[in-house]
Amino acid sequence: MKDIFRLLILFFSFNLIAQDYSVDLDYYLPKDVSYNKDIPTPKSSIGHEVGDWHITHDKLVQYMYALANSSDRITIEDRGKTFEERPLLLLTITSSTNHNNISKIRKEHLSLTEAGSNNNIPSMPVVVYQGFSIHGNEASGSNASLAVAYYLAAAQGAKIDELLNNTIILFDPSYNPDGLQRFAYWANIHKNKNSNPDPNDREYSEVWPGGRTNHYWFDMNRDWLPVQLPESQARITTFHKWYPNILTDHHEMGTNATFFFQPGIPSRTHPLTPSKNQELTGDIAKFHAKAFNKIGSLYYSKESFDDFYYGKGSTFPDINGGIGILFEQASSRGHAQESDNGILTFPFTIRNQFTAALSTLEAAVSLRTQLLTYQQKFYNDAKKEASVGGAIIFGDEKDANRVYHLAEILQRHKIAFYELKKDFSKNGKTFKKGFSYVIPKNQKQHRLIKAMFEKRTTFQDSLFYDVSAWTFPLAFNMDYSENETTNKQGAFVSELKKPTVTSPKTSNYAYLMEWHDYYTPKALNSLLNKGLKVKVGLKPFSVENKNYDYGTILIPVQNQNLSQKELSNFINKIVKESNVTITSVSTGLTEGIDLGSGNFRILKPQKIALIVGQGITPYDAGEIWHLLDQRYNIQVTKLDTRNLNQVDLSRYTDIILPNSRGSALSEKDTENIKTWVKDGGTLIGYKNAGKWFANTNLLNIKFKTKKDSAQNISFEQKGNYFGAQVIGGAIFETKLDRSHPIAFGYKNYTLPVFRNSTLFMETDKNSYSNPIRYTKNPLLAGYISNINLEKLKSTAMFKVGHLGRGTIIYFTDNTNFRAFWYGTNKLLMNAIFFGDEM
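Worth saying up front: this structure is predicted, and the values here are computed from it rather than measured.

## Digging into the overall build of the protein
Part 1: If you tally the helices and strands in the protein, you get 23 helices and 35 strands.
Part 2: Its C-alpha radius of gyration of 29 Å places the protein within 12% of the 28 Å reference for a compact globule of 838 residues.
Part 3: Expressed as lengths along the three principal axes of its C-alpha atoms, the size of the protein is roughly 90 × 80 × 65 Å.
Part 4: Here the protein holds 838 residues, and the buried ones make up 61% of them.
Part 5: Taking contacts inside the protein between residues at least 6 apart in sequence as the whole, the part at least 24 apart equals 79%.
Part 6: Here the protein contributes 95 positively and 83 negatively charged side chains, and the mean placements of these two sets differ by 5 Å.

## Re empty space enclosed by the protein
Part 1: All told, the structure shown has 11 cavities of 30 Å³ or more when counted by the stated rule.
Part 2: There is about 80 Å³ of room inside the largest cavity.
Part 3: Its residues assigned to classes, the lining of the largest cavity shows three nonpolar, five polar and three charged.

## Quick notes on the nonpolar core
Part 1: Ranked by internal contacts, the top residues of the largest apolar core, which has 227 residues, are F394, L524, I553, I656, F693, F811 and F834.
Part 2: Once residues within four sequence positions are removed from consideration, L524 is found in contact with M513, W515, V534, I553, L603, F833 and F834.
Part 3: Membership of the second largest hydrophobic core comes to 10 residues, among which are L512, I593, L595 and F600.

## Comments concerning the confidence of the model for the protein
Part 1: When pLDDT is averaged along the protein, the result is 94, and 95% of the positions lie at 70 or above.
Part 2: Note that pLDDT drops below 50 for residues 5-18; the model gives that stretch six contacts with residues more than four away or on any other chain.

## Some words on helix 10 (residues 275-295)
Part 1: Across its 21 residues, helix 10 extends 31 Å between first and last C-alpha, which sits within 8% of the 30 Å expected from 1.5 Å per residue.
Part 2: Among the residues of helix 10, those classed as buried are N277, Q278, L280, T281, G282, I284, A285, F287, H288, A289, A291 and F292.
Part 3: Structurally, helix 10 contributes buried residues whose contacts are with strand 7 (246-253), strand 8 (259-261), strand 9 (323-330), helix 11 (346-366) and helix 12 (368-386).

## Examining the sheet that holds strand 22 (residues 546-548)
Part 1: Across the sheet, which stays open at both edges, the three strands sit in the order 22-21-25 with antiparallel pairing between neighbours. With partners counted over all chains shown, the strands left at the sheet margins are strand 22 and strand 25 (591-592), one partner each.
Part 2: Note that strand 21 (residues 541-543) and strand 22 share three bridges and pair antiparallel. The residue bridging V543 from the neighbouring strand is K546, located in strand 22.

## Some thoughts on the environment of Y465
Part 1: When you line up the elements, Y465 lands in the loop between helix 14 (446-453) and helix 15 (472-475).
Part 2: In this structure the C-alpha to C-alpha distance between Y465 and I409, which are 56 residues apart in sequence, comes to 24 Å.
Part 3: For Y465, the residues in contact, after removing those within four places along its chain, are R222, F305, D306 and K312.

## Brief notes about the packing of helix 16 (residues 520-529) against helix 23 (residues 825-834)
Part 1: Remark: helix 16 packs on helix 23, axes separated minimally by 11 Å, with the N-to-C direction vectors making an angle of 25 degrees. Between helix 16 and helix 23, the crossing angle belongs to the class labelled roughly parallel. Between helix 16 and helix 23 lies a crossing of left-handed hand. Within the contact between the two elements, helix 16 uses T520, P521, L524, N525 and L528 and helix 23 uses K826, M829, F833 and F834.

## Considering unusual backbone geometry
Leave glycine aside and you will find that most residues have negative phi; peptide bonds, for their part, are mostly trans.
Part 1: A cis geometry characterises the amide bond from W208 onward to P209, with omega recorded as 0 degrees.
Part 2: Structurally, P209 is set in the loop between helix 8 (177-189) and helix 9 (230-242).
Part 3: A cis amide bond links Q262 with the next residue in sequence, P263, at an omega value of 20 degrees.
Part 4: Inspection of the secondary structure assignment puts P263 in the loop between strand 8 and helix 10.
Part 5: A positive phi angle is found at W217, which is not glycine, with a value near 65 degrees.
Part 6: Within the secondary structure layout, W217 lies in the loop between helix 8 and helix 9.

## Comments concerning the environment of T485
Part 1: Among the secondary structure elements, T485 is positioned in the loop between strand 17 (479-484) and strand 18 (489-492).
Part 2: At a separation of 2.5 Å, a polar atom in the side chain of T485 contacts the side chain of N487.

## Observations regarding the packing of helix 5 (residues 102-110) against helix 9
Part 1: One way to put it is that helix 5 packs onto helix 9 with a least axis distance of 8 Å and a crossing angle of 80 degrees. Between helix 5 and helix 9, the angle falls in the class roughly perpendicular. Each of I102, I105, R106, H109 and L110 in helix 5 lies in contact with helix 9, whose residues at this interface are H240, K241 and W242.
Part 2: When grouped by side-chain class, the residues that make up the contact of helix 5 with helix 9 number four nonpolar, two polar and two charged.

Rules behind the numbers
Residues numbered from 1 in each chain as written. Predicted model: local features only at pLDDT ≥ 70, side-chain atom pairs only at ≥ 80, totals over all residues. Heavy atoms only, no water. Helix = DSSP H or I, 4+ residues; strand = E, 2+ residues; numbered from the N terminus. Rg over C-alpha atoms; globule rule 2.2 N^0.38 Å. Buried < 20%, exposed > 50% of the residue type's maximum accessible area, 1.4 Å probe, protein only. Contact = heavy atoms within 4.5 Å. Lys, Arg positive; Asp, Glu negative; His and termini not counted. Charge placed at Lys NZ, Arg CZ, Asp CG, Glu CD. 1 Å grid on protein atoms, 1.4 Å probe; cavity = no way out; pocket = protein on both sides within 12 Å on 5 of 7 lines; lining within 4 Å. Points joined across faces, edges and corners; volume = space filled by probe spheres on them. Nonpolar A, V, L, I, M, F, W, Y, C, P; charged D, E, K, R; others polar. Core = buried A, V, L, I, M, F, W, Y, C linked by side-chain atoms within 4.5 Å. pLDDT = per-residue confidence, 0-100. Expected span 1.5 Å × (residues − 1). Pairing = 2+ DSSP bridges. Axes fitted to C-alpha atoms, helices over the stretch in contact; angles between N-to-C directions. Parallel < 35°, antiparallel > 145°, perpendicular 65-115°, else oblique. Left-handed = near helix turned anticlockwise from the far one by under 90°. Polar contact = N/O pair within 3.5 Å; in protein donor to acceptor, adjacent residues only side chain to side chain.

Okay, structure coming up:
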């Protein structure tokens, strides 16, 4: 009898575990409307019900085109391509009447952003941008977009007519096509016929780097403000084409959570965001609550996340007259997974995202006039604030390309700027015409300009979900002046053009390239890969009425593998491709080091390897990969930690070890790398790699330690106390020794550096071994606790050591942060090309 009972338990348990969690389309759809049978359902196009499988991007695209071809409510456009050449689609969804007048509607809507506009707001549609799954492995959003798009195309009746007549919906079904595809592949190849919610199943544990990021492993939900990635550039173009009143950003969070919608934690809202924004966000939240109450789903609000960094999808609209809304759904991370709240199925997560998408639209219609009025008032108030006038001037007399890339961001955000009328100097900085721009403060985007250029160091709260500073001129290491008059502005820049350079005359002696320009590493790499003899100058000099700084590149004409004419032609090709200035000279006799001096050192082609894989931070590795591959056209080999001990390291001159979590490398890896360094390799490490360097005796590093005891802190306050000691991302000033090869190409004696760690490295006893060190008062922008600020003062940011014939180089901080920290990119390039001279 006991055996039979056990068998029954096993039978019912198996049936519970083997339960089929699939649903049909009706599971998602409202029952209070009818549906047009001429509109294709998702299953009729993609071959399965929504939620049965994770949608692949190609099938998502297929269905969106099927809807656009069958409904007069939808138009579709391909706005560009991802790095993997997937289309970046946008559907515009509204009534057919609105489609027929779409240009007029957009023009009238944009007039709300112009000061003094007098619009007929009661008759204007509201504009809502709905975007899904910017993190590719938070896939319930994009999968929900199938059902949402179907509903908007097929639903019939007075309710949907009211919605479509009063709303322009900008529908972005996949913010991150490459990441979505990567995760869909993973989840689908591990799907069981008999659904298994055991969280230990491989389905719920992605391999490195996971599907969260795009092709180069960037978190694209941090790129709304920097706009460095093609996916971001497409959606920002759409944003500024329309200035939506609401923008939604559908995410996922931990499996044991429920559902979150904004507002976030009130004290963590950026001070430039008007209080009315948060009031409207709260009003919209009531519609979400009502909808979730109706279907019985648990949710919460105001207890986590924030609205501080304007580079996130849910916060970027807040500085542009709109309302950004973050949705976070507990993730099944596959098709069904056990959780604290029961078995969490993929269809359930999709239904919650679907519900939030529709409650957003219901709120938009109900609050339409309030949202439009708020937008109008936002820009009217901004104009009043800007009426005091004045201008910001930024530039770099030695690097027009870096100046161009900052101006490129301004233009993407519709910020007006002008040429500099003529050269001028101020506070030891020279602003040169053609190398500088003027931004008048009295313009529509006054608040956005302030958000991009301010240096904020005081805050209401000491906890941040992301960075606390992003000051763009500091990120670009620009010379800039914040309080200038507009009488210095020249012609308006209507179409930004890349700087122009002149090809050098043919030389019979040598060519020189100063190392200041952003793209000189690209040019140098091309020269070396051509097999040319190239040298770097270790000291400044003057020749033929021109001064040359530390790090000037010398290309002699004689003893090359090209004839004089061939070399001239190749130099001209490099100038055009890299957009850098190369000068011909006719003599080696200079003031300073002559061109035949031993202070010019021969450079060799670099074969670079980048360690990636389990234990390495994907973001940091991806930033380096992107920098080398996309910006500098430098080939890099990605070595995976799984099989690093099988690799012949002698193929490489440089190995880069990005920031890591825990011990990424085995003892065998360590011994192999040590041997490789001793044989002449250059090892470059970032952040936590320094701990590994120290623990393995590769580099003598001492980190500051200080015991911290919490006094008068309650148990409830414990989390906030220790959270306040985190440096989430702030900007600090360092002092440079410009004569050191790591600082070649920098004309100033100080350098702003981004920091998001609490690694404080003690300086070397020899001052010449501390070429980059934090100043005595280092904080430029952002939050750092007083305890950590004291620890940081006068510490080292960089260290170099030697082992055998090789070199070990270490940075405490990320020099390539999020692809927009142009100002410190050259530090890595100096480590690569000039490491042997350090």
